[in-house]
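Examination of the molecular architecture
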Amino acid sequence: MNATDCRAIVIGGSLAGLFTGTLLRSIGWQVDIYERSPHLLDSRGGGIVLQLDVIEAFQRAGIFQDKLGVVAQERYYLKQNGSIQRMPMRQTLTSWNLLYASMRRQFPDEHYHQGKCLSEIEQNGNQVTAIFGNGTRETGDLLVGADGPNSTIRQLLLPSYTPQYAGYVGYRGLVDEWELDPETAAIFTERFVFYQFPNSHILQYVIPGENESLVPGKRRFNWVWYVNYDQTTELPHILNCRTF
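Residues numbered from 1 in each chain as written. Predicted model: local features only at pLDDT ≥ 70, side-chain atom pairs only at ≥ 80, totals over all residues. Heavy atoms only, no water.

Glancing now at the overall build of the protein. A tally of regular secondary structure across the protein gives six helices and 14 strands. Counting only C-alpha atoms and orienting by the principal axes, one finds that the protein spans roughly 65 × 50 × 30 Å. Burial statistics for the protein: of 244 residues in total, 39% are counted as buried. Only carbon and sulfur atoms are counted for the fraction: they give 50% of the accessible area of the protein, which is about 14,700 Å². (Helix = DSSP H or I, 4+ residues; strand = E, 2+ residues; numbered from the N terminus. Buried < 20%, exposed > 50% of the residue type's maximum accessible area, 1.4 Å probe, protein only. Areas by Shrake-Rupley, 256 points an atom, 1.4 Å probe, with all protein chains shown as cover.)

In structure tokens:
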């Protein structure tokens, strides 16, 4: 069977699904992506440290973009006494929105289906059929589960699997660049900044802003705070508390 005769069904239309879909299309496969949400998947995440694998995937898929993020030339480690440890390290910091939008523009609309909730899968010989909640069925040569942490594919294939606590909780947020006071912004801008303390650390870096903007002043500060919580005594309270 030639690649052009092969059809892939990808369940999940976020980053994993789009990476899979665009790469399979680049080698000649017919690909359809099925996303459960009926809405556009914008603003589903914050910052991402750009890895070489992502750049290679974009090149293979023929996705060309002048800039994929904000370049940081060094790392700062802030100390409790107010001093700063500096480490030269060039990295590109990007955003979920920029990666998603770049791939979504490349993937044909007629093969990206929204509001499609998978309910069952059937395998018949070398083919597999996806059955959706509205009763429609799609058959292909390959089915890829890219439907996130609450994966229906995982539940169907590994019904006894239960997620395991990783030992920490991550709080994250975004601050528009213009909202930060100039003195603080001068430390944080275009650097990967860390502050470490017992059982916890917090980091920040600048990422593209609204509408993928890389214009200084219109970008965003992305921060993530990791905290180790005891699974028995602390985690239940954290998972049940409300934030306002």
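Let's pick the thread back up.
Right, let's talk about helix α3 (residues 96-106) for a bit. Most of α3 is tucked away: eight of the eleven residues are buried. Along α3, the residues classified as buried are Trp96, Leu98, Leu99, Tyr100, Ala101, Ser102, Met103 and Arg104. Buried residues belonging to α3 abut α1 (15-26), β3 (47-49), α2 (52-61), β5 (84-95) and β6 (112-114). (Contact = heavy atoms within 4.5 Å.)

The next point concerns the packing of aromatic side chains. Overall, the coordinates contain ten aromatic pairs when judged by the stated rule. Between the aromatic rings of Tyr77 and Phe194, the centroid separation amounts to 5.1 Å while the plane-to-plane angle is 15 degrees, which identifies the pairing as stacked. Of the two residues, Tyr77 sits in strand β4 (residues 70-78) while Phe194 sits in strand β12 (residues 192-197), which places them 117 residues apart along the sequence. One exposure class covers both Tyr77 and Phe194, and it is buried. Consider the rings of Phe192 and Tyr205, whose centres lie 4.9 Å apart with planes at 65 degrees: the pair is edge-to-face. (Phe/Tyr/Trp six-rings, centres within 6.5 Å; stacked < 30°, edge-to-face > 60°.)

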